[in-house]
Amino acid sequence: MSEQKLFSFRNPWFGASVGVSGAIAVLAALAGLIWLPMVQPDLKISGIWDAICSAAGVPRTVPRSGGAQQPDFKTSNVVMTSQMLTHPDQVSIGRGATLAQRCAICHGPQGVSDANSPNLAGQYAAVTYKELNDFKAGARVNAVMSPFAANMGNRDMLDLAAYYSFLPRVPSSHLNDNAPAPQIVITGAPMRNIAPCGACHGDIDIKAGSPWLGGQSAVYIKAQLKAFASGGRRNDISQQMRNIARQMTAEEIDAVALYYEAQP
Amino acid sequence: MTTESDPHLGEAVAARIERRWATLSIAIVGVLVGMAIFIGIDHATMPQGHVETADPKTLHLAGEFIESNLGSAMEADGSVTVRAIGQQYSFTPQCIVVPSGTPVTLRATSADVVHGLLIEGTNINTMLVPGYVSELPVQFKAPGEHAMPCQEFCGIGHQGMWGKVKVVDKATFLGMMASQRRLSCVD
């Protein structure tokens, strides 16, 4: 017994165990790669090779009847990522500063104003860029902003966004650090499908494309939330903000508007 | 004192035990493979038979997951296709309406991170993985309302992420569908 080679097909034990293991592997592969895909009623398999590819996870596109339903309104065409415009260069900021002179009448020479238009100083570049794009594309409409954006090139929008993100945030004249945070900012309203405002807008975490809200005019925040809720504003990608605003009560809208206005 | 024992006897006992253990282990493997085959055919689990991809960054630009194409759609063969996306922190459409007793194909994907789609009171449960389309063939037995929470931790606002599924009888559904090409019950 001891002089017999262990790993040799002349050893009947070795031969049998390798044979049986191999047979199980082959049978399992046949079942998983061919038989199971073939018996799936919804999976229209055209042949053995198709079944194997499908089961092995080769991506394929299933032909669909009928095209996608096209929107009867403009939607945002900006591709938003969290890495977007996070490294502005100095030339861009400089060009933006020059371009921003025509924005100053509403948005303030330093990107801050009391005109109830958005304060742009210190706003994320991706946010300013997206909104300018949406105004230009018609996905967001405003009597004052739309004509301004209509004549902007992509470079202009990038530069303006870079410049405003470079400016330091200036606390609004309504600053009140002691204002207690409303429940909806901290915990949301899970029973009504509302995540905390802070989960996206920077208090707790940041979601790409969500603006910094600290120091924004309460009038402006309120108007936007109402526009999202009513569907008057639809440039939020895939309804991400409309889904939230629709569920908010009028009191909650008032509370968050006043809270964010008082934040730095 | 020496004990007289047949060396071949010992060898035979060892071989017999060896064979029994080997048979047992093979039987266990066989049962497991058989179980996987059975639940695959019986649809006790519903593994997706094919892989489809979708770029999470550009879902809103073109293709079947653009905003206006989400919701329930009537197919030529009388079945219903429901398209939805999960994103931080909501499902779109927020309220899905489907007919009872009708084959429904649920197609969903994620626009950002991994989400989960679970319809309470049913065995519908799948992950929404960014980059991939999850497709489930489903059928709702009776009219009613189900919660559809996200079942995969997707970030700090996860607990606020859920949608609703409203199952209505077929006649009502067809009536609702008559005026629209895509249907949802978002108010």
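Residues numbered from 1 in each chain as written. Chains lettered and ligands numbered in written order. Predicted model: local features only at pLDDT ≥ 70, side-chain atom pairs only at ≥ 80, totals over all residues. Heavy atoms only, no water.

(A) Structural detail: the overall build of chain A. Tallying secondary structure elements over chain A gives 12 helices and zero strands in all. For chain A, the sequential pattern of α-helices and β-strands runs α-α-α-α-α-α-α-α-α-α-α-α. Its C-alpha atoms give chain A principal-axis dimensions of about 95 × 50 × 45 Å. Expressed as a percentage of its 264 residues, the buried residues of chain A come to 44%. (Helix = DSSP H or I, 4+ residues; strand = E, 2+ residues; numbered from the N terminus. Buried < 20%, exposed > 50% of the residue type's maximum accessible area, 1.4 Å probe, protein only.)

(B) Layout of the side chain of A:Lys130. Residues and elements named next belong to chain A. Secondary-structure assignment places Lys130 in helix H5 (residues 125-137). Classification of Lys130 as buried rests on a relative accessible area of 6%. Separated by 2.9 Å, the side chain of Lys130 and the backbone oxygen of Asn235 make a polar contact. Contact partners of Lys130, with chain neighbours within four places excluded, come to Ser76, Val78, Met80, Asn235 and Ile237. (Polar contact = N/O pair within 3.5 Å; in protein donor to acceptor, adjacent residues only side chain to side chain. Contact = heavy atoms within 4.5 Å.)

(C) The arrangement of the interface of chain A and chain B in detail. Residue-level contacts link 56 residues of chain A with 51 residues of chain B. Carbon and sulfur atoms supply 58% of the area buried between chain A and chain B, which totals about 4200 Å² over both sides. Remark: the boundary between chain A and chain B carries two salt bridges. In this structure, A:Lys207 and B:Asp112 form a salt bridge, with 3.3 Å as the shortest nitrogen-oxygen distance. In this structure, the connection of chain A to chain B is made through 19 residue pairs in polar contact (both at pLDDT 80 or more). Among the secondary structure elements, those contributing two or more residues to the side of chain A that touches chain B are helix H1 (12-39), helix H2 (48-56), helix H9 (198-201) and helix H11 (242-245) of chain A. Tallying contributions element by element places H1(A) first for the side of chain A that touches chain B, with eight residues. (Buried area = accessible area lost by both parts, 1.4 Å probe. Salt bridge = Lys/Arg side-chain N within 4 Å of Asp/Glu carboxyl O.)

(D) Structural detail: the pattern of salt bridges. Residues and elements named next belong to chain A. Scanning all chains against the criterion turns up 17 salt bridges over all chains. The salt bridge partner of Lys130 is Asp134, with a shortest N-O separation of 2.7 Å. Taken together, the positions of Lys130 and Asp134, both in helix H5 and four residues apart, correspond to about one turn of that helix. Considered together, Lys130 and Asp134 belong to a single accessibility category, that of buried residues. Among the charged side chains, a network of salt bridges with common partners joins Lys130, Glu131, Asp134, Arg140 and Arg233.

(E) A look at the domain arrangement of chain A. All names here are of chain A. Structurally, chain A comprises domain 1 (12-56), domain 2 (90-166) and domain 3 (183-261). Spacing between the C-alpha centres of domain 2 and domain 3 amounts to 21 Å. Facing 11 residues of domain 2, the contacting portion of domain 3 comprises 15 residues. Across the interface of domain 2 and domain 3, roughly 1200 Å² is buried in total on both sides, 48% from carbon and sulfur atoms. For domain 2, the biggest contributors to the area lost against domain 3 are Asn116, Tyr124 and Arg140; these three give 43% of the whole. Between domain 2 and domain 3 we count one salt bridge in total. (Domains from an automatic or database assignment.)

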